[in-house]
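Structural overview
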Amino acid sequence: MDFNLRLKALSRLATSETDAAADALKKALQKALTSLHEDTEYDLLEQSLSVLEAIAHRFSDVVAAEIIAFIAAIKTRQITYDAKLAAFAAEVAKYQNASTLAIRAIEVLLCVRYLATQTVTQALLKLSIDDDTSIRKEAVDGLKKVAAYNLDVFYGHDRQGGIGGWPQKQVMDLLSSLGDDELIGFQHAVLEVADSLLSPTIEGTRWSSTAVTIFHGAAPADGGVADIRGGTIQLLKRLYALLKGTPRKLSVITVLNSATRQHRIPNGGEDVAAMITGNTQEVLAFYKSLVGTADFPVVQKIEDLSYWVYYHAPNDHVKADALAIEQAIAANAEYQIYKMLIGFEGIFLSWEELRKNDSYSEETDKFRREKATEFANSITADNFQTWRARILSYAKTESEDLATFPNFYYFLETFATAQPTLALQLLSEDSREIAGFHIPLLRGLWNGPKQPALREILDSWIAAGKYLYASTKQFLDCPTLDRALVKRLLGRAAELNDLNTVALVMSVAASNYHDDDSIIRELFLPALEILTERGNPQWIFDMWFRREARAVISKLDDQGTELILRNMMLLEKIDHQAEELLYLIAQRMPQKVLAFLCQRLAADESGEKRKTYDAIPYRLHKLDKPLAAIPREAVRIVRAQYDGNYGMFVFRGAHLLKTIFPQFSPEFECELLSLVDEGGNENLEFVLAVLRNYEGQLFVHNLCKAIVKRVSEDSRYRNEVSVALQNTGVVSGAYGFAEAYERKKAEMQDWLNDSSDKVKEFAAWYINGLDAMIVADRQRADEEIALRKQRYDE
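Model, not experiment: these values are computed from the prediction. (Residues numbered from 1 in each chain as written. Predicted model: local features only at pLDDT ≥ 70, side-chain atom pairs only at ≥ 80, totals over all residues. Heavy atoms only, no water.)

1. Focus on the overall build of the protein chain
Rules: In this text, helices come from DSSP runs of H or I with a minimum length of four residues, and strands from runs of E with a minimum of two, each type numbered from the N-terminal end. Relative accessibility under 20% of the residue-type maximum defines a buried residue, over 50% an exposed one, and the middle range a partly exposed one, all with a 1.4 Å probe and only protein chains included. Any two residues whose heavy atoms approach within 4.5 Å are treated as being in contact. Where accessible areas are quoted, they stem from the Shrake-Rupley method and a 1.4 Å probe; at the residue level, only the protein chains shown are allowed to cover.
Of regular secondary structure, the protein chain possesses 44 helices and two strands. Taken along the three principal axes of its C-alpha coordinates, the protein chain extends 100 × 85 × 55 Å. A burial count over the protein chain gives 49% of its 794 residues as buried. Within the protein chain, residue pairs in contact and separated by at least 24 positions form 73% of the contacts whose partners lie at least 6 positions apart. Total accessible area computed for the protein chain in this model is approximately 37900 Å², and 50% of it derives from carbon and sulfur atoms.

Written out as structure tokens, the structure is:
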């Protein structure tokens, strides 16, 4: 019996309570378990997992235990493949391996999550710290599914036989029973689970043959949910106390905030409102207890979260508790300084005033800038040690984007300008601690009286190969640029293979370009040459958005342009940043850019590039405009690339022309027609490959007619014309293809009246084919609809 049919039969048997069904299911279970213990072939193991998935709910404890054992054992088992795949085993193994089997096994394990909740949860917790990233992710996603509130489980199908929050209670009890070391070890998974347990939403789905309906509402307060939420809050408080380091504590603070969220449509009734209010007050009380002792980034996060609790407060009690946090934060004088200089999430107006205005005023930025200036100018030798401690502390604030510290940058640059001696001391003595903030200090000191001393520091850094990037970046848009020093930085960076700094030199050159081409020759092109030799095109991502880049690229001669294009051959793909630079080049030299794109296609086809190499974009956003301005050259350049490999050319060179000419311009059509008129198999194949990239729109009909007139009645190219005309693009609905073919049939009616007998004969033949496909597709759709209705007992 076909495996899919067997699986369907087992699924139906699993719903039967007869003795015969029970015996058949036991046999299927034993066979699948034997396979999991002994087999090594991937397909057989995957089929056995599918069998267990179909019958798992009948043997939940056995299946859970066996799946857990299988996941542990499969990691060391040598996986084999069907003999038909032997020649491709290495490639197949990338997508079908022990890891993907383990992930499939986790999916099966989740089938019994409501029948063996603690067993499943314990297993997934252990897998959440597995060495395999994919397994870890699947385990965490699985834990979130276990912890999520489901309407059908909570209330039962058709609101009968529900088990309330029993599964969530099992999860919470298990997490609460973990020892301190276990809780710390599983912290990531615990936080994800806690977020699900504190969700204000309960969801469910209904499937039919035609639709999936998603239901959601406010999580109820009954069914044990109130106790589950309270226990989860206590668990998070415990975890906060155990964790070390600001980032980890911030994660807990953020998840705790989930307990304060209401469902977007508060339809749960008074008991739900009371539950959310109680949870919110408990969380706010915990937040308030941390304001005076926690690290400033934590206080800042508390301030931000608490303000939004205040903003959305459901009643005066919550509002009062939130405002108590505002008062506690206002009393923390040191935090107020931190907030002015770092505060990317801080609140700078009274909460009541901000809520009324509901906007972040430009006056706030002005006020912060003024305070930063005041702080910088207030630093003296007497209070320097106090400010030094603050600066070193603030510099520890972590962010994925240093652009979140503009005021701190401004403060440090202003400080370096106002107090160069003290700034130089800070830079000399604490260079490692403030490594992320060298640039504003360097910029402030460079134009001041301490420049000679600063040069000595820079010389020592260059000799030691340290802080080259910051030393270079200070010269972005610098009126007093020292080219000789930047050349030295470039040379040292090249010696150390510090390619980020090498790329930065190109940006420095561009940002300081003022109609003096020498800076291009001295800095821009040498840096580009180094990057090209070492296979690095990353300069593009720091250059494409700069206004000065337009001027620099417009000044490049043929040799410089060729170097840029040679470097861009190294790109894995051409995204919008690269396209922006190519657009600038194409405005002057469209033929060069088109040849470059063809060169990328040739390199990809030759196999010299990695399989992740994407030669040309699927769609162009602006580069097509200058390239479309040379239709004759475009067609001839791409035509020269055609090597007779029609099947591949459809998706390569022909697709390139489609991206340049998404619609047929008269000039483009004329060039293609001229190739048809020239004749020859390769010319016809070239044009047909181009046509295959369109969706059979009316504007391709003239060209298709020309080919039909050109070839004989028994030519294989007639079939290719038919395929080009049949292309539909995206369709929708069960009868989408049939309806599309009917439209195409209507579009062919004028062909039947053409003066050419070849065209009329082709049209009749083509329409007959469409009629057959219309009938077949409608029949297929009818059968699929009937099968879906049967599946859902409609």
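2. As for a nonpolar patch on the surface
Formally: Patches draw on residues past 30% relative accessible area with no salt bridge. Two like charges within 9 Å are joined, as are two nonpolar side chains (Val, Leu, Ile, Met, Phe, Trp, Tyr) within 5 Å. Here, a salt bridge means any Lys or Arg side-chain nitrogen found within 4 Å of an Asp or Glu carboxyl oxygen.
A contiguous nonpolar surface patch, about 350 Å² in accessible area, is contributed by Trp 207, Val 212 and Ile 214. Inspection of the secondary structure puts Val 212 in strand β2 (residues 212-218). Using a relative accessible area of 43% as the deciding quantity, one classes Val 212 as partly exposed.

3. Examining helix α22 (residues 406-418)
As a reminder of what qualifies: Given a helix with a known number of residues, its expected span is that number minus one, times 1.5 Å.
With 13 residues, α22 should reach 18 Å at 1.5 Å per residue; the first-to-last C-alpha distance of 18 Å fits that figure. Residues Asn 407, Phe 408, Phe 411, Leu 412, Thr 414, Phe 415 and Ala 416 constitute the buried set of α22. In this structure, the buried side of α22 is in contact with α18 (333-341), α20 (362-378), α21 (384-394), α23 (420-429) and α24 (438-446).

4. Focus: the environment of Phe 408
Note that Phe 408 resides in helix α22. Among the residues examined, Phe 408 registers a relative accessible area of 0% and is labelled buried. Between the C-alpha atom of Phe 408 and that of Thr 397, which follows or precedes it by eleven residues, the distance is 11 Å.

5. Considerations on helix α7 (residues 117-127)
All buried positions along α7 are accounted for by Thr 117, Val 120, Thr 121, Ala 123, Leu 124, Leu 125 and Leu 127. Tucked inside the fold, the buried residues of α7 contact α4 (60-74), α6 (98-109), α8 (133-147), α10 (166-176) and α12 (187-197).

6. Re a negative patch on the surface
This is how the line gets drawn: By the counting rule applied here, Lys and Arg register as positive and Asp and Glu as negative, while His and the ends of each chain are not counted. Charged side chains are reduced to one point each, which is NZ for Lys, CZ for Arg, CG for Asp and CD for Glu.
A cluster of acidic side chains, namely Glu 362, Glu 363, Asp 365 and Glu 370, defines a negative patch on the protein surface. The residue Asp 365 is located in helix α20 in this model. What makes Asp 365 partly exposed here is its relative accessible area of 42%.

7. Overview of the packing of aromatic side chains
Threshold: Here is the rule: rings of Phe, Tyr and Trp (six-membered ring for Trp) pair when centre to centre is within 6.5 Å. Planes less than 30 degrees apart are stacked, more than 60 are edge-to-face, and the remainder are tilted. For a Lys NZ or an Arg CZ to count as sitting over a ring, it must be within 6 Å of the ring centre and within 35 degrees of the ring normal.
Counting across every chain of the model gives 36 aromatic pairs. Their ring planes at 35° and their centres at 5.8 Å tell us that Trp 751 and Phe 762 sit as a pair that is tilted. Placement of the pair is Trp 751 in the loop between α43 (736-747) and α44 (757-791) and Phe 762 in helix α44, with a sequence separation of eleven residues. Just as Trp 751 is buried, Phe 762 falls in that class too. Three or more aromatic residues joined by ring pairs form one cluster here, namely Phe 296, Tyr 335, Tyr 338, Phe 375, Trp 387, Tyr 394, Phe 405, Phe 408, Tyr 409, Phe 411, Phe 415 and Phe 437. Over the face of the ring belonging to Tyr 694 we find Lys 658, whose NZ or CZ atom lies 5.6 Å from the ring centre. The cationic tip of Arg 718 hangs over the ring face of Trp 765; the distance from NZ or CZ to the ring centre is 5.3 Å.

8. Brief notes about the nonpolar core
Formally: Nine residue types can take part in a nonpolar core, namely buried Ala, Val, Leu, Ile, Met, Phe, Trp, Tyr and Cys, and a core is a set of them joined through side-chain atoms within 4.5 Å.
In this structure, Phe 411 and Phe 686 are the most contacted members of the largest nonpolar core, which totals 260 residues. Excluding its chain neighbours within four sequence positions, the residues that come into contact with Phe 411 are Leu 341, Ala 372, Phe 375, Ala 376, Ile 379, Trp 387 and Ile 391.

9. Observations concerning the pairing of β2
Keep this limit in mind: Whether two strands pair depends on DSSP finding at least two bridges between them.
Strand direction decides the pairing type here: strand β1 (residues 201-207) and β2, joined by seven bridges, are antiparallel. Within β2, the position partnered with Arg 206 by the bridge is Thr 213. Remark: four residues form the turn of the hairpin made by β1 and β2, two consecutive strands paired antiparallel.

10. Overview of the environment of Ser 471
Considering the arrangement of structural elements, one finds Ser 471 in helix α26 (residues 468-473). Residues Ser 471 and Gln 234, 237 residues apart in the sequence, show an inter-C-alpha distance of 49 Å. The contact partners of Ser 471, leaving out residues within four places of it in the chain, are Leu 442, Leu 458, Trp 461 and Leu 489.

11. Topic: the environment of Tyr 394
Test applied: N or O atoms within 3.5 Å of each other form a polar contact, as long as, within protein, one can give a hydrogen and the other can take it, and as long as residues adjacent in sequence are counted only when both atoms are side-chain atoms.
Structurally, Tyr 394 can be placed in helix α21. When the C-alpha atoms of Tyr 394 and Lys 339 are compared, they prove to be 9.9 Å apart, with 55 residues separating the residues in sequence. A polar atom in the side chain of Tyr 394 sits 3.3 Å from the backbone nitrogen of Tyr 338.

12. Side note on the packing of α22 against α23
Describing two packed helices takes the angle between their axes plus the distance from one axis to the other. For clarity, the threshold we go by: Only the stretch in contact is used when a helix axis is fitted, and all axes are lines through C-alpha atoms; the angle between N-to-C directions ranges over 0 to 180 degrees. The scheme is simple: roughly parallel for angles under 35 degrees, roughly antiparallel for over 145, roughly perpendicular for 65 to 115, oblique for anything else. Three categories are distinguished: nonpolar for Ala, Val, Leu, Ile, Met, Phe, Trp, Tyr, Cys and Pro, charged for Asp, Glu, Lys and Arg, and polar for the others, with Gly belonging to the last.
At their nearest, the axes of α22 and α23 sit 5 Å apart, and the two run at 120° to each other. The angle between α22 and α23 falls in the class oblique. For the pair α22 and α23, the contacting residues are Phe 415, Ala 416, Thr 417 and Ala 418 in the first and Pro 420, Leu 422, Ala 423 and Leu 426 in the second. Looking at the contact of α22 with α23, its residues break down into seven nonpolar, one polar and no charged.

13. Topic: the packing of helix α42 (residues 717-726) against α44
As a reminder, the rule being used: We call a crossing left-handed when the near helix sits turned anticlockwise from the far one by less than a right angle, and right-handed when that turn is clockwise.
Interaxial distance between α42 and α44 falls to 11 Å at its minimum, and their mutual angle equals 55°. Compared by their axis directions, α42 and α44 come out oblique. Of the two elements, α42 crosses α44, and the hand of that crossing is right-handed. Of the residues in α44, those in contact with Arg 718, Asn 719, Val 721, Ser 722, Leu 725 and Gln 726 of α42 are Lys 758, Glu 761, Phe 762, Trp 765, Tyr 766, Leu 770 and Met 773. Considering only residue class, the contact of α42 with α44 consists of seven nonpolar, three polar and three charged.

14. Focus: the pattern of salt bridges
Here the structure, examined in full by the defined rule, presents 43 salt bridges. With its nearest N and O atoms 2.7 Å apart, the salt bridge here joins Arg 206 to Asp 152. Residue Arg 206 is located in strand β1, and its partner Asp 152 is located in helix α9 (residues 151-155); the two are separated by 54 residues in the primary sequence. By relative accessible area, which is 26% here, Arg 206 ends up partly exposed. Between Asp 173 and Lys 169 there is a salt bridge whose closest N-O contact spans 2.8 Å. Placement of both Asp 173 and Lys 169 in helix α10 is noted, with a separation of four residues, approximately one turn of the helix.

15. Notes on the state of the cysteines
Disulfide: a covalent bond formed between the sulfur atoms of two cysteine residues. Heads up, the condition is: Here, a disulfide means two cysteine sulfur atoms that sit within 2.5 Å of each other.
Here the structure, examined in full by the defined rule, presents zero disulfides. Left unpaired, Cys 670 is separated from the closest cysteine sulfur, that of Cys 704, by 17 Å.

16. Looking at unusual backbone geometry
Within the chain, Tyr 467 stands out as a residue other than glycine whose phi angle is a positive 55°. For Tyr 467, the location among the structural elements is in the loop between α25 (451-464) and α26.

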